[in-house]
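Structural features, examined
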Amino acid sequence: MNSPPSAPSALTGHLASPYAPAAAGELADWTGRRYAVGRSARDLAGRDRFALAARAVAAVAGVGVLQFGYGAAVPLLVAAHGWSPAAALLPFALWTLVQGATALPLARLRERGLLAPGPAVVAGAPLCAAALAVCELSGHLGVVAMGYGLLGGLGAGLVYHSAVHVVAAWYPERPATHAVPAGAGFALGAVPLVAGIALAEPAHLAAAPWVGAALALLVAGAGWRLSAPPPRWWPPESDPRAWALRRRREPLACVDLSPAQAWRSGALPGLHAVVALAGAMALADLAVLPLLLARADLPPGGAAAVLAALVAASGLGRAAAGRWAERVGRRRILVAALTAGAAAQFALPAAAALGSVAGLVLLAVPAGIGGGCCYPLTRTLALDYFGSRDSAEIQGLVYSAKAAGGLLGVGGAAALLVWLPGAGAAAALLGAGAAGLAAAVTAARLRRPVPIRTIPL
């Protein structure tokens, strides 16, 4: 007697059958996704997952000063080294390019088991310290560009991308709300130093190597023996099948898409454009707002208050956006935040011309929120739209658009400072507002890809 034919294997791109047998120790939900439910975080890593996430957030908070503090230090670098403001922005432009562009290759190395998060964070710590030290030890623009832009960008990329992955991986049941603290810490950790830099004198650059050494100890200590869970890990205290069925504002992706399929759907290029344009707006603020404030007749501490409000709003805005997005919807919150942030850009030059510290602080809040909330919201939108199978590479693709945003925001600001010596900073903010509005329009047009399969005739 002939044996019955075996069931045909699932075709690529089709929905997986939830009734296919799962591997030992795994569960499958109604979409066919697999979850490895078993050992707890303490059994796997020797610590509770809250402690692991807290260490990852501490590492990210340590390196945030490289992004948020450089713009505040531009007037000091101009005075100390005799550079033009446009030239002083070149190391920052290179830093944004490298830090953003490392997202995808680091994700691929991590997924292939070639770069664990802990060693990546520890390796990034001395590179970040060297970036801060070179700002004081050398007055040669090329040396600072290579030291801060190349080494610092690589070090910050190693720390940031690895730590954000650790937080999200240990909280797979709430990847949006629990990955938010890492992004918020990136900004909030820099607030005290940004305020201090805004009040500093050129002679105070001598403290940069010591700040870098302290940063390296903090980041390396936080990254020591930092680990992520195994693939598809799920905490044993909850049932992933019930989680997949729960009511939510943003439903799960109906199918896991590969990076190529996500790109062909049109949604991934849209997210890429949103990050690039919103990043240009946020980074232009960091680059030129300190220069605009330095030229305004503000009382002592006025510039420090404005920059601290901008950076704090960026961090708190990421946390608030992640919470509210669960109730209202991520795309709606993203569009609203980008629109408010873009509108603030058009009013900032006028407030600076009037010398109104209160007006500048009030405008810095929506500007910071609009520029900061883009990253966590687009990260979770990518998970909602394209699924979890290749989420690391897809999210790396989305974040890598920050490199284009840095060239557009910081590089464009440097070009305007050369072409318009007296009004370049104000023109850069107006351009940032236009980029923010374009990002909001693009975000409003985003649609979830729904693959359609038909029965062949």
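You'll find the structure just up there.
A short tour of the structure in this document, coming up. (Residues numbered from 1 in each chain as written. Predicted model: local features only at pLDDT ≥ 70, side-chain atom pairs only at ≥ 80, totals over all residues. Heavy atoms only, no water.)

**Details of the packing of aromatic side chains**
This model, assessed by the stated rule, comprises 9 aromatic pairs. The interplanar angle of 45 degrees and the centroid separation of 5.5 Å between the aromatic rings of Tyr-375 and Tyr-399 together place this pair among those described as tilted. Here the residue Tyr-375 occupies a position in helix H19 (residues 374-386), and Tyr-399 occupies one in helix H20 (residues 391-419), the gap between them amounting to 24 residues. Its relative accessible area of 11% is what places Tyr-399 among the buried residues. Through a chain of ring-to-ring contacts, three or more aromatic side chains come together here, namely Phe-68, Tyr-160, Phe-186, Tyr-375 and Tyr-399. Over the face of the ring belonging to Tyr-375 we find Lys-402, whose NZ or CZ atom lies 5.6 Å from the ring centre. (Phe/Tyr/Trp six-rings, centres within 6.5 Å; stacked < 30°, edge-to-face > 60°. Helix = DSSP H or I, 4+ residues; strand = E, 2+ residues; numbered from the N terminus. Buried < 20%, exposed > 50% of the residue type's maximum accessible area, 1.4 Å probe, protein only. Lys NZ or Arg CZ within 6 Å of the ring centre and 35° of its normal.)

**Focus on the environment of Val-450**
If you trace the backbone, Val-450 turns up in the segment after helix H21 (424-444). A relative accessible area of 57% places Val-450 in the exposed class.

**Things to note about helix H11 (residues 191-199)**
Burial in H11 covers these residues: Val-191, Val-194 and Ile-197. In an axial view of H11, the angular spread of the buried residues amounts to 125 degrees, which keeps them on one side of the axis. Set apart from the buried face of H11 by more than 90 degrees, the exposed residues are Pro-192 and Leu-199. (Arc of directions from axis to C-beta.)

**A word on the pairing of strand E2 (residues 34-37)**
Of the strand pairs in this sheet, strand E1 (residues 26-28) and E2 are connected by 3 bridges, and their pairing is antiparallel. The partner of Ala-28 across the bridge, within E2, is Arg-34. Two strands pair when backbone bridges link them, and E2 and strand E3 (residues 233-234) are joined in this way by 2 bridges, in the parallel orientation. Its bridge partner being in E3, Ala-36 is matched across the sheet by Trp-233. (Pairing = 2+ DSSP bridges.)

**Considering a positive patch on the surface**
Taken together, the side chains of Arg-174, Arg-246, Arg-323 and Arg-327 present a region of like positive charge at the surface. Looking at where Arg-323 falls in the secondary structure, it is placed in helix H16 (residues 302-328). Taking relative accessible area as the criterion, Arg-323 reaches 54% and is therefore assigned exposed. (Patch = residues over 30% accessible without salt bridge, like charges linked within 9 Å, V, L, I, M, F, W, Y side chains within 5 Å. Areas by Shrake-Rupley, 256 points an atom, 1.4 Å probe, with all protein chains shown as cover. Salt bridge = Lys/Arg side-chain N within 4 Å of Asp/Glu carboxyl O. Lys, Arg positive; Asp, Glu negative; His and termini not counted. Charge placed at Lys NZ, Arg CZ, Asp CG, Glu CD.)

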